[in-house]
Amino acid sequence: MIIRKVENDVELRAFYQITCLIYKDTPCHRSTEESIVKMLVSGPCTFHTHAQVQPSLFLHDNRIVGRCAFIYDDNLPEYVQIGFFEALPHIPELPAALIEYAREWKPHIKKLVAGLNGHLNYGAGILLDRFDQPPVFGLPYNLPYYQQYFSGFSCNTTISFRFSLTPFYQWNIEKTLSKIDTQGFTIRCMDKNKLRQEIDLYTSIDNSSFTNTRYWYWSNRKPKENFELFHPFRFLLKNENLIFVEKDGKPVGFLLWYPDFNGLVGPGQDIGIIDVLRYRFFNPLKTFRLTEVAVLPEYRKSPAVILMIQKLIPILKQEGYTTCEGGFIFEENHNSVVMTKRLLERAIGTSLAPYRKYGIFESQL
């Protein structure tokens, strides 16, 4: 069992194609974020200005059995990251080989984290359950045995919640804007004609809102990085997918959501032009993902979040969405979990348990 750095175009193609072998008989797998993987691994992209990304192949008896990208980011300097991990089953030597390779690559670094793809915005987590269901767009999917490769690591768990929107639509009728003191807050959707400026605002709020979140130790993510993240999906984006809340004209929070674009494609497929046209002219999707809600710390006890949800609900109802999945939230973030469950319970009338769980695994080097 050896791990080898990708050195040429042939090996790079093998790096990307290994997923076809691993998931060939897996009806739940989707490839809708392959453009993001290629951007981060092959570049060029802004992420590479502060991070080293080393795509690597796993070989056993001269056969390629998996891959990952070892990542070292100046903005998360205490870790070597194992991103974009994929592997065939039954390779007992693999965990030790990963640790040894990371030690040799960055001998001064003392921590290894698996399941983090450079930044939480790019995706994180190894799926721990619900393997019989396709993932919601933007959330990871893998086979059940993946977690066994990291059984000797400590696990930081994130969760998602899934619920019907019918009670939310009724709640919106009962809790109209006229009954809420807006306290001078105003709500607007983004303007795609000014996408770069809107991403600047999104990034500024993002950097200031999650400073205490695990693995979000940096607060200097560049707007260009987020623009590059949004850009591959620009033809799918609508103005209403990013909602801002403002106080006296100053943006102080946002709500980001996506339709479940995985519902447009079949197993192992990425989104093509026909899928984009089908979505634009005849949206067949009924599930959406509540991706991210952020409010500057000084406004977290204000009605900002409720006002953004009030803006979103009529949009969802008009489009015919029936189901929401929201996440991910770190289980250790007790305040965020409690706030989310309380809000959902107010709207639905019953307490919700987490729907899916993901693990981000750590080891000492």
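Details of the structure are given in the entry above.
Before going into details, it helps to say that this report is about the structure given with it. (Residues numbered from 1 in each chain as written. Predicted model: local features only at pLDDT ≥ 70, side-chain atom pairs only at ≥ 80, totals over all residues. Heavy atoms only, no water.)

### Here we look at the nonpolar core
(1) Moving on: With 89 residues, the main nonpolar core has W257, F261 and Y321 as its most contacted residues.
(2) Moving on: At nine residues, helix 8 (residues 304–319) tops the list of elements feeding residues into this core.
(3) Moving on: If near-sequence neighbours (up to four positions away) are discounted, Y321 is found in contact with L165, Y169, W257, P259, Y279, N283, L285, K286, T287, F288 and L316.
(4) Moving on: I18, Y72, A97 and Y141 belong to the second-largest nonpolar core, a separate cluster that totals 40 residues. (Core = buried A, V, L, I, M, F, W, Y, C linked by side-chain atoms within 4.5 Å. Buried < 20%, exposed > 50% of the residue type's maximum accessible area, 1.4 Å probe, protein only. Helix = DSSP H or I, 4+ residues; strand = E, 2+ residues; numbered from the N terminus. Contact = heavy atoms within 4.5 Å.)

### Points about helix 5 (residues 195–209)
(1) Moving on: Between its first and last C-alpha atoms helix 5 spans 21 Å; for 15 residues at 1.5 Å apiece the expected length is 21 Å, and the two agree.
(2) Moving on: Those residues of helix 5 not exposed but buried are L195, E198, I199, Y202, T203, I205, D206, N207 and S209.
(3) Moving on: Elements that come into contact with the buried residues of helix 5 comprise strand 8 (185–189), helix 6 (223–230), strand 9 (242–247), strand 10 (250–259) and strand 11 (287–295). (Expected span 1.5 Å × (residues − 1).)

### Side note on the pattern of salt bridges
(1) Moving on: Taken as a whole, this structure holds 10 salt bridges when the rule is applied.
(2) Moving on: A salt bridge links E100 to R103; the shortest N-O distance between them is 3.8 Å. On the criterion of helical spacing, the pair formed by E100 and R103 is a turn pair, its members being three residues apart in helix 3 (residues 94–105).
(3) Moving on: Exposure remark for R103: the relative accessible area of 40% places this residue in the partly exposed category.
(4) Moving on: Residues E325 and R162 are paired through a salt bridge, measuring 2.8 Å at the closest nitrogen-oxygen approach. Highlighted residues: E325 in strand 12 (residues 323–330) and R162 in strand 7 (residues 154–164), separated in sequence by 163 residues. (Salt bridge = Lys/Arg side-chain N within 4 Å of Asp/Glu carboxyl O.)

### Looking at the pairing of strand 5 (residues 111–114)
Every regular strand shows the same layout, with side chains that alternate between the two sheet faces.
(1) Moving on: Pairing between strand 4 (residues 79–87) and strand 5: four bridges, direction parallel. Bridge assignment links Q81 to a residue of strand 5, and that residue is V113.
(2) Moving on: In this fold, strand 4 hands off to helix 3, which returns the chain to strand 5; that crossover is right-handed.
(3) Moving on: Strand direction decides the pairing type here: strand 5 and strand 13 (residues 356–364), joined by four bridges, are antiparallel. Along strand 13, the bridge assignment pairs A114 with F361. (Pairing = 2+ DSSP bridges. Right-handed = clockwise from strand over helix to strand, strands pointing away.)

### Remarks on unusual backbone geometry
(1) Moving on: Note that the residue after G43, namely P44, is joined by a cis bond; omega there is -5 degrees.
(2) Moving on: As for its placement among the helices and strands, P44 is situated in the loop between helix 2 (34–42) and strand 2 (51–60).
(3) Moving on: If you check the backbone angles, D61 has positive phi at about 55 degrees while not being a glycine.
(4) Moving on: As for its placement among the helices and strands, D61 is situated in the loop between strand 2 and strand 3 (63–73).
(5) Moving on: Positive phi, close to 55 degrees, is recorded for D248, a residue that is not glycine.
(6) Moving on: Among the secondary structure elements, D248 is positioned in the loop between strand 9 and strand 10.

### Digging into helix 7 (residues 273–281)
(1) Moving on: For helix 7, every residue scored as buried is listed here: D275, V276 and Y279. Across the axial projection of helix 7, the buried residues extend over an arc of 100 degrees, all falling on one side. Among the exposed residues of helix 7, those oriented more than 90 degrees off its buried face are I273, I274 and F281.
(2) Moving on: On its buried side, helix 7 packs onto strand 10. (Arc of directions from axis to C-beta.)

### Remarks on the environment of I82
(1) Moving on: Checked against the element boundaries, I82 lands in strand 4.
(2) Moving on: For I82, a relative accessible area of 0% gives the class buried.
(3) Moving on: C-alpha of I82 to C-alpha of A304: the two residues are 222 residues apart in sequence and 37 Å apart in space.
(4) Moving on: With sequence-adjacent residues up to four places away left out, I82 is seen in contact with C68, A69, F70, L98, L112, V113, A114, G115 and L116.

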